[in-house]
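Summary of the model geometry
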Amino acid sequence: MFPGDKMKADMKTYNRLAAILFFLAMPLLFWALGDTPRRSFLKESISLLTILGYFLMLGQFFLSRRNKKVLKPHKTGKVLRLHKIIGYIFVSVLLVHPVLIVVPRFFEVGISPSEAFSTILSTWDSQGLILGMIAWSLMLILGITSMFRNKLVMKYTAWRVFHGILSTVFITLATWHAVELGRHTDLPMSLYMGTIAGLGVLLLVRSYLQKSSNIQSA
Amino acid sequence: MSISSIKGCIGCGTCIETCPTDVIRKDPKSGKAVITYPADCQICHLCRMYCPLDAISISPEKSIPVIVSWG
């Protein structure tokens, strides 16, 4: 093995470890150390699934061609394939999370799942809920436009810009919604979410600005 | 104190309607439910059971089992 190859392999390992640390271990740590009262296994599992789905979504900003410097040792095709797979996983989890919240009601006394769901959907004076509904709709558009990209009457470059802008608006609203309504989003977790989301958006904006300044100077 | 926290309230007001001792009130500014008279809580769990988002927590150390009819 050449020294360059070893360095490349090491860089790949570091990147994988960093991804696991920032988007899996840290959220789990915040969840475990948070002072939110613990509930049943089912409820906590649903909370964890949603939290991890959200952090997978944040990871998408760093797992794209925009993060060229860090992802240099990895093959672009592989990175994009992983971006796609993770995208479909998190979109599926987050699309069903409003329904997942009421699932434990099947096993409890009190409000029924359908009644709980209709109460949630009919409460229009909650800012956090409205933000969530808009974010949910944007996520649906993100998922559909990614799935059927080839069928859209749009050039690939135009679609990429569209995808980036849509993701930025979506992540902003989704983070706001999660901070406001999330059961486990106490101050440390909210700050962490805000920081990672902010960095992701910055990375995207910076790459767009750099690109446009390169075009202007050419 | 028995009702311990409300996190993730959407302001639907169900808990306020179900609480028999008016422990919870709606904050006029935020529109969300707040624990106003915690000392009056009878640990009946109705607010927790009827909250659609499961946003209400009851202190486990002060809780008594919920009595449910079999019929």
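Everything numeric here is computed off the predicted structure, so don't read it as measured data.

This next bit is on the overall build of chain B. Scanning chain B from N- to C-terminus turns up two helices and four strands. Mapped from its N terminus to its C terminus, chain B presents α and β elements in the order β-α-β-β-α-β. Classification of the 71 residues of chain B by burial places 35% in the buried group. For chain B, restricting intrachain contacts to residue pairs at least 6 apart in sequence, the fraction spanning at least 24 positions comes to 50%.

The subject of this paragraph is the overall build of chain A. Helix and strand counts for chain A come out as eight helices and zero strands. The secondary structure elements of chain A, listed N-terminal to C-terminal, are α-α-α-α-α-α-α-α. The C-alpha extent of chain A, read off along each of the three principal axes, is 65 × 45 × 30 Å. Here chain A holds 218 residues, and 24% of them are scored as buried.

Turning our attention to the interface of chain B and chain A. Every contact between the two is made by 17 residues of chain B and, on the other side, 20 residues of chain A. Class assignment for the residues of the side of chain B that touches chain A results in eight nonpolar, seven polar and two charged.

Residues and elements named next belong to chain A. One way to put it is that helix α2 (residues 41-59) packs onto helix α4 (residues 76-102) with a least axis distance of 9 Å and a crossing angle of 145 degrees. The crossing of α2 and α4 is left-handed. Here α2 contributes Ile46, Leu49, Thr50, Gly53, Tyr54, Leu56, Met57 and Gly59 to the contact with α4, which in turn contributes Ile86, Ile89, Phe90, Val93, Leu94, His97, Leu100 and Ile101. Classifying every residue of the contact of α2 with α4 gives 12 nonpolar, four polar and no charged.

Apart from glycine, the bulk of residues carry a negative phi angle, and the bulk of peptide bonds sit in the trans form. Residue and element names in this part refer to chain B. Phi is positive for His45, which is not a glycine, with a value near 70 degrees. Checked against the element boundaries, His45 lands in the loop between β3 (33-35) and α2 (46-50). Phi at Asp54 takes a positive value of approximately 55 degrees, unusual for a residue other than glycine. Relative to the assigned elements, Asp54 resides in the loop between α2 and β4 (56-58).

On to the nonpolar core. One finds Tyr54 and Leu58 of chain A together with Ile10, Cys15, Cys47, Cys51 and Ile56 of chain B to be the most contacted residues of the largest nonpolar core, which totals 50 residues. Top contributing element to this core by residue count: α2 of chain A, with six residues. Beyond its immediate stretch of four places on either side in the chain, Leu58 of chain A contacts Phe23, Ile196, Ala197 and Gly200 of chain A.

Further remarks concern the confidence of the model for chain B. Here chain B shows a mean pLDDT of 85. Residues at 70 or above account for 82%. Model confidence for the complex is summarised by a pTM of 0.85, with the ipTM given as 0.76.

Quick look at the packing of α4 of chain A against helix α6 (residues 127-147) of chain A now. Residue and element names in this part refer to chain A. Two elements in contact, α4 and α6, have axes whose closest approach is 10 Å; the angle formed by their N-to-C orientations is 145 degrees. As α4 packs across α6, the resulting crossing turns out to be left-handed. On α6, the residues that touch Gly87, Val91, Leu94 and Leu95 of α4 are Met139, Leu140, Leu142, Gly143 and Ser146. Residue composition of the contact of α4 with α6, by class: six nonpolar, three polar and no charged.

This part takes up the environment of Phe23 of chain A. Residues and elements named next belong to chain A. For Phe23, the location among the structural elements is in helix α1 (residues 3-33). Along the sequence, Phe23 and Tyr54 sit 31 residues apart, while their C-alpha atoms lie 9.1 Å from each other. Not counting residues within four places of it along the chain, the set of residues in contact with Phe23 comprises Phe55, Leu56, Leu58 and Gly59.

Parameters and conventions
- Counting restarts for each chain, with residues numbered from 1 along the sequence as it is written.
- Both sets of labels track the order of writing: A upward for chains, 1 upward for ligands.
- Reporting of local features is limited, given that this is a predicted model, to residues whose pLDDT is at least 70; pairs of side-chain atoms are given and counted only at 80 or more, and all residues count toward the totals for whole chains, interfaces and linings.
- Secondary structure elements follow DSSP: runs of H or I of four or more residues count as helices, runs of E of two or more count as strands, with numbering from the N terminus.
- Counts of 20 or more other C-beta atoms within 10 Å of a residue's own C-beta define buried residues, counts of 12 or fewer define exposed ones, and intermediate counts define partly exposed ones; C-beta atoms are placed from the backbone.
- Placing C-beta atoms from the backbone, we regard two residues as in contact once those atoms come within 7 Å.
- Note that Gly is not counted as nonpolar here; it falls among the polar residues with everything else outside the nonpolar set of Ala, Val, Leu, Ile, Met, Phe, Trp, Tyr, Cys and Pro and the charged set of Asp, Glu, Lys and Arg.
- For helices, the fitted line uses only the C-alpha atoms of the stretch in contact; every axis is such a line through C-alpha atoms, and the angle between N-to-C directions lies from 0 to 180 degrees.
- Here a crossing is called left-handed whenever its near helix is offset anticlockwise from the far helix by less than a right angle, and right-handed whenever the offset is clockwise.
- Joined through C-beta atoms within 7 Å, a set of buried Ala, Val, Leu, Ile, Met, Phe, Trp, Tyr and Cys residues constitutes a nonpolar core.
- Values of pLDDT, the confidence the predictor places in each residue, fall between 0 and 100.

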